[in-house]
Every structure is written in C-alpha cells, then in structure tokens.
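Summary of structural features
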Amino acid sequence: MKEITNTEWQESGYSLLYIYTPMCGTCQVASKMLSVCEQLIDEEIPQINANYAPELMHEHQIESVPCLLIQKGEEPIEKIYAFQSVPYLLEKIKNYDRN
C-alpha cells in the first residue's frame, strides 16, 4: 500500500483510503488483509497515518482505526471499521463503482 498525505488524498481522486495508526495491532492485521485485496483487484489502496491527518479525521468524522473510507467523487459512501475477512472486504470494494 502506498503512504500518502492528506493533501495528496484531496488532490488524488482515489476512491479508497485506508486509515490506520502504526501502534494499532488490529490495524496491522487489517493492512495485511488489504494487501491481499490490492492484489486481487489489481488496484493500489492508499493509506494514511491518522496521527498526521487530524483534518481528515474531523472532516470525514472517522471514529476509530482501522477504517477503510470508500468515496465516489468527493462524497464519502461508506466507512468500514470491522475488517471481517478478505472476501467481506472484496465484496464491499466491488459493490462501488470506483471510476
């Protein structure tokens, strides 16, 4: 996964964003799950350290980490906090037209 800044996120047009903190054990597991998803969907999922993105956390009302933010255009569609399994995440990701 590619580490990006809040500015890069705002300018990028990415539809998926993984929000984490480095000391979060659950985030480490979620990162591994999303790495598998990246390979299966053949698309890069950017990630951002929540500690360095307080504006993003406030703007999108992110309640906890890990969080997978899915948006279409500039409109957030869904925030996923429970990374149940790789198939679950793939289903969620594929349900949205990301282009």
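Preceding block: the structure.
We now turn to the structure provided with this report. Only a predicted model underlies this, so the values are computations on that prediction, with no experimental measurement involved. (Residues numbered from 1 in each chain as written. Predicted model: local features only at pLDDT ≥ 70, side-chain atom pairs only at ≥ 80, totals over all residues. Heavy atoms only, no water.)

What follows concerns unusual backbone geometry. For the bond from V65 to P66, the omega torsion is 0°, close enough to zero to count as cis. In this structure, P66 sits in the loop between α3 (54-59) and β4 (67-72). With a phi angle near 55°, D42 is a residue other than glycine that sits in the positive phi range. Tracing the backbone shows D42 in the loop between α2 (25-41) and β3 (46-49). With relative accessibility at 71%, the residue D42 sits in the exposed group. With a phi close to 50°, Q61 is a non-glycine residue in the positive phi region. In this structure, Q61 sits in the loop between α3 and β4. (Helix = DSSP H or I, 4+ residues; strand = E, 2+ residues; numbered from the N terminus. Buried < 20%, exposed > 50% of the residue type's maximum accessible area, 1.4 Å probe, protein only.)

For the structure shown, the criterion picks out two aromatic pairs. On the basis of an interplanar angle of 10° and a centroid distance of 5.7 Å, the ring pair of Y18 and Y20 is categorised as stacked. Residue classification places Y18 among the buried residues on the basis of a relative accessible area of 0%. A ring pair is formed by Y18 and F83, whose centres lie 6.0 Å apart and whose planes are at 70°; its orientation type is edge-to-face. Of the two residues, Y18 sits in strand β2 (residues 16-20) while F83 sits in the loop between β5 (75-80) and α4 (86-94), which places them 65 residues apart along the sequence. The pair Y18 / F83 is uniform in exposure class, with both members buried. Within the aromatic cluster, the residues linked to one another by ring pairs are Y18, Y20 and F83. (Phe/Tyr/Trp six-rings, centres within 6.5 Å; stacked < 30°, edge-to-face > 60°.)

A few words now on the environment of P87. As for its position among the elements, P87 is in helix α4. Sequence separation between P87 and M33 is 54 residues; the distance between their C-alpha atoms is 9.5 Å.

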